[in-house]
Amino acid sequence: MKNILVLCTGNSCRSQIAEGYLRHFAGDKATIYSAGIETHGVNPKAIQVMAEDGIDISKHTSNNVDEYVDIPFDYVITVCDNAKENCPYFPSNAAKFHRNFPDPAKAQGSPDEVMNEFRRVRNMIKEWSADFVTEHLKD
């Protein structure tokens, strides 16, 4: 079984969504963790848009990357440029991957426009997560 860490700035939206989809697509092939350089709490809109797609992340917690320094990760995935640039050194041989997704928490406009941005980013992360599992977690 592989250990995968998803990193973002605040571990509130993008990394939480990625954790949810990676868990969904990987099943028992991997243990998925997510963390942030900071902790901002799980964004309620992220929970809502994931529930719309049948994925429950309501029990997820916002964790600091320092909590996981002793876990031997096989893959470390950064989902925002800030996390990639400011991620602390991990003393491991983990393969590192990066994909900068837009931050839906910064969306502006009407409530519908903001939720549509969360859905748009969710769908980008869903597609990327499915592809990652297909490519890197083969039987």
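Scroll up for the structure.
Residues numbered from 1 in each chain as written. Predicted model: local features only at pLDDT ≥ 70, side-chain atom pairs only at ≥ 80, totals over all residues. Heavy atoms only, no water.

1. Comments concerning helix α4 (residues 111-136)
One turn of the α-helix equals 3.6 residues, which is why residues spaced by three or four share an orientation. With 26 residues, α4 extends 37 Å from end C-alpha to end C-alpha; this agrees with the ideal 38 Å at 1.5 Å per step. Every buried residue belonging to α4 is among Val114, Met115, Glu117, Phe118, Val121, Arg122, Ile125, Trp128, Ser129, Phe132 and Val133, and all of these are buried. Among the structural elements, β1 (2-8), α1 (14-26), α2 (44-52), β3 (75-78) and β4 (95-98) are those in contact with the buried residues of α4. (Helix = DSSP H or I, 4+ residues; strand = E, 2+ residues; numbered from the N terminus. Expected span 1.5 Å × (residues − 1). Buried < 20%, exposed > 50% of the residue type's maximum accessible area, 1.4 Å probe, protein only. Contact = heavy atoms within 4.5 Å.)

2. Regarding the packing of α1 against α4
Following both chains from N to C, one finds α1 and α4 inclined at 40 degrees, their axes separated by 9 Å at the closest point. Here α4 runs oblique to α1, going by the angle between their axes. Like other packed secondary-structure pairs, α1 and α4 cross with a definite hand, here right-handed. In contact with Arg14, Ile17, Ala18, Tyr21, Leu22, Phe25 and Ala26 of α1, α4 contributes Val121, Arg122, Ile125, Lys126, Ser129, Ala130, Phe132 and Val133. A per-class count over the contact of α1 with α4 returns 11 nonpolar, 1 polar and 3 charged. (Axes fitted to C-alpha atoms, helices over the stretch in contact; angles between N-to-C directions. Parallel < 35°, antiparallel > 145°, perpendicular 65-115°, else oblique. Left-handed = near helix turned anticlockwise from the far one by under 90°. Nonpolar A, V, L, I, M, F, W, Y, C, P; charged D, E, K, R; others polar.)

3. Remarks on α1
Compared with an ideal rise of 1.5 Å per residue, which puts 13 residues at 18 Å, α1 spans 18 Å between its outermost C-alpha atoms and is within 8% of the ideal. Along α1, 10 of the 13 residues are buried, which leaves the element largely enclosed by surrounding structure. Among all positions of α1, only Arg14, Ser15, Gln16, Ile17, Ala18, Glu19, Gly20, Tyr21, Leu22 and Ala26 are buried. Of the surrounding elements, those touching the buried residues of α1 are β1, β2 (30-36), α2, β3 and α4. Just downstream of α1, Gly27 is the residue with a positive phi angle, here 60 degrees.

4. Section: the nonpolar core
The biggest cluster of nonpolar side chains holds 31 residues, and the ones touching the most others in it are Ile4, Val6, Leu22, Ile77, Ile125, Phe132 and Leu137. Listing elements by their share of this core, those giving two or more residues are β1, α1, β2, α2, β3 and α4. In terms of residue count, the dominant contributor to this core is α4 (8 residues). In this structure, Tyr68, Phe73, Val76 and Ala94 belong to the second largest nonpolar core, which totals 8 residues. (Core = buried A, V, L, I, M, F, W, Y, C linked by side-chain atoms within 4.5 Å.)

5. Some thoughts on the packing of aromatic side chains
With the rule as written, the count across this model stands at 9 aromatic pairs. Here Tyr75 and Phe97 contribute two aromatic rings whose centre-to-centre distance is 5.8 Å and whose plane-to-plane angle is 55 degrees, an arrangement assigned as tilted. In this pair, Tyr75 sits in strand β3 while Phe97 sits in strand β4, placing the two residues 22 residues apart along the sequence. Residue classification places Tyr75 among the buried residues on the basis of a relative accessible area of 12%. Every member of this aromatic cluster is reached through a ring pair, and the members are Tyr75, Phe97, Phe101, Trp128 and Phe132. (Phe/Tyr/Trp six-rings, centres within 6.5 Å; stacked < 30°, edge-to-face > 60°.)

6. Remarks on the packing of α2 against α4
Between α2 and α4, the shortest axis-to-axis distance is 10 Å and the interhelical angle comes to 65 degrees. Both α2 and α4 take part in a crossing whose hand is right-handed. Together, Lys45, Ala46, Gln48, Val49, Met50 and Glu52 of α2 and Val114, Met115, Phe118, Arg119 and Arg122 of α4 make up the contact between the two elements.

7. Describing the side chain of Glu19
By the element assignment, Glu19 lies in helix α1. Its relative accessible area of 5% is what places Glu19 among the buried residues. Excluding its chain neighbours within four sequence positions, the residues that come into contact with Glu19 are Ile32, Tyr33, Ser34 and His60.

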